[in-house]
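Chain by chain, the residues run as shown.
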Amino acid sequence: MTTTHKRVLATTLLATLLAATMAVAAPRGKDDHGRAVAGKYDGTTSIELMQMTLPLRLELQRVHEDSVVVKIPRLALPNGQVFSFTSGSCSVRPVTRAGKQRYQLNISFSYTYNNIPLRVQATGTIDGDDIDAEVKAVIMDSMETRVTFKGKRAT
């Protein structure tokens, strides 16, 4: 796999990660989980394939009471490449642990980039103002890589 393919894959994985990560806003309705996680988060993303950590801001936008869209308005890689990303609908599910409510985000999809097939699974957990997410991708049914994101709700 060429360096260009690695960069494109890393960028795609990062964007997917953002689709699985979002912030916690004050819920307006008891069952409106999309609104509860909507907001902006600032943090860092670690890209395994490129062996680097970068600052990242991502936005979760409510599209339904149980789903959000993940947006990365601007990500600048060290090589000068800049991109933005908007995901498809990402499910939001409440979970209770130790009497405290948290939210889990999930999205998975397959696609082909430059004739390279990719399977992507992204998950995230929002606990209060903290978000922790991971994107796993299988490239050409043989190589697996991941991207992580840790952040806090932006004020």
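Residues numbered from 1 in each chain as written. Predicted model: local features only at pLDDT ≥ 70, side-chain atom pairs only at ≥ 80, totals over all residues. Heavy atoms only, no water.

Once that is clear, we can look at unusual backbone geometry. Although it is not a glycine, Q51 sits at a positive phi angle of roughly 50°. Here Q51 falls in the exposed class, since its relative accessible area comes to 74%. The phi dihedral of N115 is positive, around 65°, even though this residue is not glycine. Position of N115 among the secondary structure elements: in the loop between β5 (100-113) and β6 (116-127). Looking at N115, the relative accessible area reads 75%, which means it is exposed. (Buried < 20%, exposed > 50% of the residue type's maximum accessible area, 1.4 Å probe, protein only. Helix = DSSP H or I, 4+ residues; strand = E, 2+ residues; numbered from the N terminus.)

Where charged atoms from two side chains of opposite charge approach closely, those side chains can pair. Considering all chains together, one arrives at 11 salt bridges under this definition. One salt bridge connects D141 with R119, and the closest N-O pair in it is separated by 2.4 Å. Residue D141 is located in the loop between β7 (130-139) and β8 (143-153), and its partner R119 is located in strand β6; the two are separated by 22 residues in the primary sequence. With a relative accessible area of 61%, D141 lands in the exposed category. For E134, the salt bridge identified is with K136, shortest N-O distance 3.9 Å. Several salt bridges converge on common partners, so that one network encompasses E48, E134, K136 and R146. (Salt bridge = Lys/Arg side-chain N within 4 Å of Asp/Glu carboxyl O.)

Turning our eyes to something else, we now look at the sheet that holds strand β2 (residues 52-64). Strand order around the closed barrel formed by 8 strands is β1-β2-β3-β4-β5-β6-β7-β8, with antiparallel pairing between neighbours. In this sheet, adjacent strand axes meet at a mean angle of 30° when their direction is disregarded. Relative to β6, β5 runs antiparallel, the two sharing 11 bridges. The residue bridging I107 from the neighbouring strand is A122, located in β6. (Pairing = 2+ DSSP bridges. Axes fitted to C-alpha atoms, helices over the stretch in contact; angles between N-to-C directions.)

Note that every value here comes from positions in space, so none of it alone points to a role or purpose.
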